[in-house]
Each structure stands twice: as structure tokens, then as C-alpha cells.
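Tertiary structure, described
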Amino acid sequence: MRRITLMLIICLIAAAAVSSKDKGDWEGGVPEGCTTITAGKGATVDGSVITSHTDDSHRTRSWMDIMPAARHRNGDQVTMYRREQDATLAMPAYRHVPIGTIPQVESTFGYLNTAYPSINEKQLAVGESTFGGRDELKSEEGLIDCQRLCMLMLQRAATAREAIRIAGELTAQYGWNDSGECLTIADKNEVWHLEIVGPGAGRVGSVWVAQRVPDGHIAVNANASTIKRIDLDDPDHFMASDNIYDVARENGWWNAGEVFEFCYAYAPESRESVAARRREWRVFDLLAPSLKLSPTSENYPFSVKPDTLVSLPDLVRVFQDYYEGTPYDMTRTITTTDEDGSTVVSPLANPFMPYDQLEIDNVRGAWYSVPDSGRIRFLGERTIARWYTMYATLIQLRSWLPDDIGGVAWLAQDNVATSVYIPIYCGVTDLPESYKTPGRTEGYTRESAWWAFNRLGTLAAQRWGEMRHDVRDALDPIQAELFANQGEFEEKALKIGNQKKRRKALTRYTIEQGDRVVDKAWELGDMLWTKYDEKF
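The notes below deal with the structure included here. Counting from 1, residues in each chain are numbered in the order their sequence is written. Totals for whole chains, interfaces and linings use every residue, but because this is a predicted model, local features are given only for residues with pLDDT of at least 70 and side-chain atom pairs only at 80 or more, for both listing and counting. Side-chain measures here rest on the full set of heavy atoms in the structure, leaving out hydrogens and waters.

**A short note on the pairing of strand S14 (residues 218-221)**
Residue burial is assigned from relative accessible area. The probe radius is 1.4 Å, only protein chains are included, and a residue is buried under 20% of its type maximum, exposed over 50%, and partly exposed in between. Secondary structure elements follow DSSP: runs of H or I of four or more residues count as helices, runs of E of two or more count as strands, with numbering from the N terminus. With burial as the criterion, each face of S14 is covered, one bearing Ile 218 and Val 220 and the other bearing Ala 219 and Asn 221. Pairing of strand S1 (residues 34-39) with S14 involves 4 bridges; the strand directions are antiparallel. Pairing of Ala 39 across the sheet is with Ile 218, part of S14. Whether two strands pair comes down to DSSP finding at least two bridges between them. Pairing of S14 with strand S16 (residues 303-304) involves 2 bridges; the strand directions are antiparallel. Within the sheet, the bridge partner assigned to Ala 219 lies in S16 and is Ser 303.

**Let's talk about a positive patch on the surface**
Residues Lys 500, Lys 501, Lys 504 and Arg 508 make up a contiguous surface patch of positive charge. On the secondary structure map, Lys 504 appears in helix H13 (residues 499-531). Residues enter patches when they are more than 30% accessible in relative terms and free of salt bridges; like-charged ones are connected within 9 Å and nonpolar ones (Val, Leu, Ile, Met, Phe, Trp, Tyr) within 5 Å. What sets the accessible areas is the Shrake-Rupley method with a 1.4 Å probe; for residues, cover comes only from the shown protein chains. A pairing counts as a salt bridge when a side-chain nitrogen of Lys or Arg comes within 4 Å of a carboxyl oxygen of Asp or Glu. Only four residue types enter the tally: Lys and Arg on the positive side, Asp and Glu on the negative side; His and the chain ends are excluded. The location of each charge is read from NZ of Lys, CZ of Arg, CG of Asp or CD of Glu.

**Here's the deal with the packing of aromatic side chains**
Each pair of aromatic rings taken from Phe, Tyr and Trp, with Trp reduced to its six-membered ring, is defined by centres within 6.5 Å and is described as stacked if the planes are under 30 degrees apart, edge-to-face if over 60, and tilted in the remaining cases. For the structure on display, the rule yields 20 aromatic pairs. Here the aromatic rings of Trp 387 and Tyr 388 are separated by 4.8 Å at their centres, their planes lie at 75 degrees, and the arrangement is edge-to-face. The class of Trp 387 is partly exposed, set by a relative accessible area of 22%. Ring plane angle 85 degrees and centroid distance 6.3 Å describe the contact between Tyr 444 and Trp 522, whose orientation is recorded as edge-to-face. In this pair, Tyr 444 is assigned in the loop between strand S23 (422-425) and helix H10 (449-462) and Trp 522 in helix H13, connecting sequence segments 78 residues apart. You can call Trp 522 buried: its relative accessible area is 7%. Three or more aromatic residues joined by ring pairs make a cluster, and in this case those are Tyr 355, Trp 367, Trp 387 and Tyr 388. Note that Arg 61 overlies the ring of Trp 63, its terminal NZ or CZ placed 4.1 Å from the centroid. Whether a charge sits over a ring comes down to the Lys NZ or Arg CZ being within 6 Å of the ring centre and within 35 degrees of the ring normal. It is Arg 83 that lies over the ring of Tyr 94; its NZ or CZ is 3.9 Å from the centre.

**Thoughts on the environment of Ser 434**
Along the chain, Ser 434 turns up in the loop between S23 and H10. Considered as a pair, Ser 434 and Val 78 are 356 residues apart in the sequence and their alpha carbons are 28 Å apart. If we skip the residues at most four places from it in the chain, Ser 434 touches Glu 447, Ser 448, Ala 449 and Val 518. Contacts between residues were defined by any pair of non-hydrogen atoms, one from each residue, lying within 4.5 Å.

**Concerning the pairing of strand S11 (residues 180-186)**
Extensive coverage of S11 is indicated by the burial of 7 of its 7 residues. Neither face of S11 is left uncovered, since the one carrying Gly 180, Cys 182, Thr 184 and Ala 186 and the one carrying Glu 181, Leu 183 and Ile 185 both have all their residues buried. As judged from the 7 bridges shared by strand S10 (residues 125-132) and S11, these two strands associate in the antiparallel manner. For Ala 125, the partnering residue across the bridge sits in S11 and is Ala 186. Bridge count for S11 against strand S12 (residues 191-197) is 6 bridges, and the pairing is antiparallel. Its bridge partner lying in S12, Ala 186 is registered against Val 191. What sits between the antiparallel neighbours S11 and S12 is a turn of 4 residues.

**Considering helix H2 (residues 146-156)**
Within H2, 11 of the 11 residues are buried, leaving the element largely enclosed by the surrounding structure. The complete set of buried residues in H2 reads Cys 146, Gln 147, Arg 148, Leu 149, Cys 150, Met 151, Leu 152, Met 153, Leu 154, Gln 155 and Arg 156. For the purposes of these results, a polar contact is taken to be a pair of N or O atoms within 3.5 Å, where, inside protein, one atom must be able to donate a hydrogen and its partner to accept one; residues adjacent in sequence count only when each atom of the pair is a side-chain atom. Regarding H2, its N-cap is Asp 145, as a side-chain oxygen of that residue lies 3.4 Å from the backbone nitrogen of Gln 147 further along.

**Focus: unusual backbone geometry**
Backbone geometry places Asn 223, a non-glycine residue, at a positive phi of 75 degrees. When you line up the elements, Asn 223 lands in the loop between S14 and strand S15 (238-240). The backbone of Asp 414 sits at a positive phi, close to 60 degrees, despite the residue not being glycine. Within the secondary structure, Asp 414 is located in the loop between strand S22 (408-413) and S23. The class of Asp 414 is buried, set by a relative accessible area of 2%.

**As for the pattern of salt bridges**
Within this structure, the stated rule accounts for 35 salt bridges. One salt bridge in this structure joins Glu 280 and Arg 271, with 2.9 Å as the shortest N-O distance. In this structure, Glu 433 engages Lys 436 in a salt bridge whose closest nitrogen and oxygen atoms are separated by 3.4 Å. Judged by relative accessible area, which is 55%, Glu 433 ranks as exposed. Judged by its relative accessible area of 24%, Lys 436 is partly exposed.

**Digging into the state of the cysteines**
Cysteine sulfur atoms are paired as a disulfide whenever they fall within 2.5 Å. Counted under the stated rule, the structure contains 0 disulfides. Looking at the unpaired Cys 146, the closest cysteine sulfur is the one in Cys 150, lying at 4.4 Å. Residue Cys 146 is classed as buried on the basis of its relative accessible area of 1%. Free of any disulfide, Cys 182 has its nearest neighbouring cysteine sulfur in Cys 146, separated by 9.5 Å.

**Re empty space enclosed by the protein**
Every definition here rests on a 1 Å grid over the protein atoms only: cavities are sets of points where a 1.4 Å probe fits but cannot get out, pockets are open sets enclosed by protein on both sides within 12 Å along at least five of seven lines, and lining residues have some atom within 4 Å of a point. Grid points are joined across faces, edges and corners, and a volume is the space filled by probe spheres set on the points. Under the counting rule described, the total for this entry stands at 2 cavities of 30 Å³ or more. Taken as a whole, the largest cavity spans an internal volume of roughly 40 Å³. What lines the largest cavity is Val 220, Thr 226, Lys 228, Arg 271, Glu 280, Phe 284, Tyr 300 and Pro 301. Lining the second largest cavity we find His 53, Thr 114, Tyr 116, Pro 117, Ser 118, Val 126, Gly 127, Glu 128, Cys 150, Tyr 391 and Thr 393. Those elements that provide at least two residues to the lining of the second largest cavity are S10 and strand S21 (391-397). At 3 residues, the largest contribution of residues to the lining of the second largest cavity is made by S10. By residue class, the composition of the lining of the second largest cavity is 5 nonpolar, 5 polar and 1 charged. Polar here means any residue outside two lists: the nonpolar Ala, Val, Leu, Ile, Met, Phe, Trp, Tyr, Cys and Pro, and the charged Asp, Glu, Lys and Arg; Gly therefore counts as polar.

Right, dumping it as C-alpha cells:
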């Protein structure tokens, strides 16, 4: 009996250690790392299908590259990894530890290899946002985590539905070993949200559901499960794993005859997260203000029709947002007195304060945690734009163009509020050298694109009320020019009949624009040091 009790205690301690390790970078104990916004082809100004992603974790890798299409030999294997925190490098990062292999397929598509692989050569694209899910669902027996699943889908699928089918088959056979994730999977015709969780401790498999965003709607995932009622008799809008009801019933999270809502069965705590719900409200309020949604609601619609058709500049504006002009703007209470004696927001106030600065400036907000000490720790508001964004994608997919031109991953480095999106066509064969250069493993370097924008964003935050205007005055014209010139450049590219030569032209354009904006970011940073000497 003592032996059984001792083994039980050891297992509980080990489980707690795994849970603690997995959640070590969840601020306040909840996932709050990424935002993804999607749009159906009937909701955009040009008929594009759109998915997106802000990779809001400076622990993920800053470099990216192009993985080419490949053919593989019979018997080849693909290594699967478990992601773990790594404190041995110059800056906090992740290490990827091999845990097994799965069989490789005969041929794989080329793709943009960002930290979370994002688009392939067939105009299939993926965004991501972690929502956590019930702790009991996590299984260490599986081989596939979120980053590897993104890669596998892009290597093996050409459409969103095919990608979801592959995800279901692979995780059923080899197992999901990650927390609950939402993957926003889009092709040139439609976009789906796939929400996936583990099957439970000691099991191999997964539980998942997918819902299609209606063509005329936009949707968002901001670290909370958003799929509620499902109708598996409507396969044009819903798909799910065979065990979706069984696992919930076995664990007492749902009873037959009751209304089934995926988010409440498998991730109820995610609907309690103010960090998630505030962003959901803000995205819908910016793009569909006529709905007059409440910023304090527990739930919002899965998707909504925008008041006007959505453009790329509209979405950039949303991803740069930090609730300015609302009661949730963290700068509004940090005030000073101007020359006329009026109370104004201090130029030193900024929405990108590290958490320990919030207490110094008495910024509270609705987001908080209660550590073991029992003392409430206020975390301000979880804004859409974030200082710890590693990179962001805004992916445009167009059915009327050849794949190499039709798919564009507009990519920004670091905080979107102080960055600029460049076009990376899914037909490119290379990236600017600075985008391929690691930025965190060895520490600060002027060879890395990420460092150019990370330094710029960090500097601008020191005197945000003034410096942000310098930054946007320099970067906004570049962003506007890139969007305005897109059509003319693509018309020229379409006239290049030889696909190999066309891909060279696309690659050259992407590299030129990447080099241009990185040079501008370094120049702006140097200017801020000079102009604001002794002011921060």
C-alpha cells in the first residue's frame, strides 16, 4: 500500500512539474501569446481569403527561410520534437528535443519556414493561437506538437479541408502532445478554424473540431476557444474527430441530451480570460462597430459580417491597435501638466510597458493574476499590438492568380505598431539575408532584421507620445507604397511566361523590399537616439 501511495505521489509531482514547465511562459497562468484574424473571400475588398498570425513570444526563433519542395525515398522518416524552454543561450529561447519519427510521404510542397510554418507553394496558409484547454487533456504520449503539425499540413496538403483531414489522421495515429491550439487554415477559396486538444493523460490521439468562416464574415482567435455549438450534419461548415462527444461524456464534461458547446466542454477556463475576450471584442468593434458589442461580454459570435469590406490596410490598423481612445488604453492615466496648465497624457506614457513597470505607474487594468503569495498582480490590458511579438503575418490568398503570385505572406518583424509588412510571395525561393539571420541565440547583432525592429520598437516606447509619430511618419508611406504598388508589380510578373524566371523576379522583389525596410529601421533607431538625447 505504501509503495502504491509513493508511486502515486511521484506521478503527481511529475505531472505538476510537466504542467508547470509547459505553462512557464503563460503570463498570469493563461495562454496569451498570439492573435489570428481571418476573413472569407466575400468579406475582403478584392475577394482574397485571409488568415494571419502574431507570434507573440520572444522565445520562438526570429529567423526564417524557404524550404523547397522535395521528393523522398521509400522508408524516409520525419523527426518529431518536443519544445522546451532553453536558458543556456544568450537570450531565453526554446530547444527542440527529438522524441520520435513518423513516415515521410513521397513528395512534399515548399513552404515559408517561419517559427510556425505559415504558407506553402499551393496557397495553403496557417495562423495560430494557443487556448490551453483542460489540464486533464494533455498527453505526453503523442509525437506531434503545434509547430510540427503546421509543417506537416503545409508539406502535404493543397487545400484547407485536405489539411484538416491530414491533421486529424496524423494526430489520431501518432498523438497530439501539445496544449489546446486554434489553427486558422486558409486556401484560395475558404478559411477554417481548427481547434485541437489532447485525448487525455496516457492516451495517444486527439480531440478536434473545425468550423468554416462564412465567405462574407471575419473571425478572430485570441487565445480562447471560440467554437461553440456544432452541426456535424453540415460538413460544409463543420468537421470533427470521431471521439468529440465520447471524451467529453466519459469525463463528465457533457451529458447526452444537453447542448454541446466545444469551448465549454474542452476549454471552459479560456472563456474566462479577459486577456482573450478584450481582443475578441476589439477586433469585432473595429471592423463591425455597428454591432455595438460589449467589451465585457463572456462570449462573442464565432464570426461576424464587417460593416465594410476589409482591406489589408484595415487589418494592419487592427494589428497595430492598443485600445487608444477607449477606457482600456493603459496610457490614459499616466498624465502630466502641459505649458498651459492642462492635464495631458505624458509623452513618457506607453502601452508597451513591461509588467513590473505597470505597478510603478499604477496601471491596473482588468487582467491580473494571483501568485502563491496571494497578492494580486495587475497585468494591465492585453493589447493586440505587443512588444514581445517576434513576427507577424497577414496572408492573402487569391484564386484568380497563379499560385506563385496569388499567395502573399505580408510579414512584419517584432511589434507591429512600430514595424512594416513586406510581401513574401509563395513562389519565392529565398529571403533577405537579415531575415534568415538568428537574432537571439548569440544576442544583439546588426545582421538580424528582427533586431532592427526590436531596437526601434524598444526605443520608441521610451517616449511613445512623441517618438511614435517619428516612426509612423517614416514607415506609413513605405507601407502605403507597398500596398499601392502591388497590382502594378504583379501585372509585370504575370507577363513573365517562364515560371522559373518569374519566381526569380518575385524573389528579387521580396529581397529588395526586405532590405529596404530593415535599412530604414536601423536609420530610424539611430535618429531616435540622436533626436531624443536626454529625454528618456
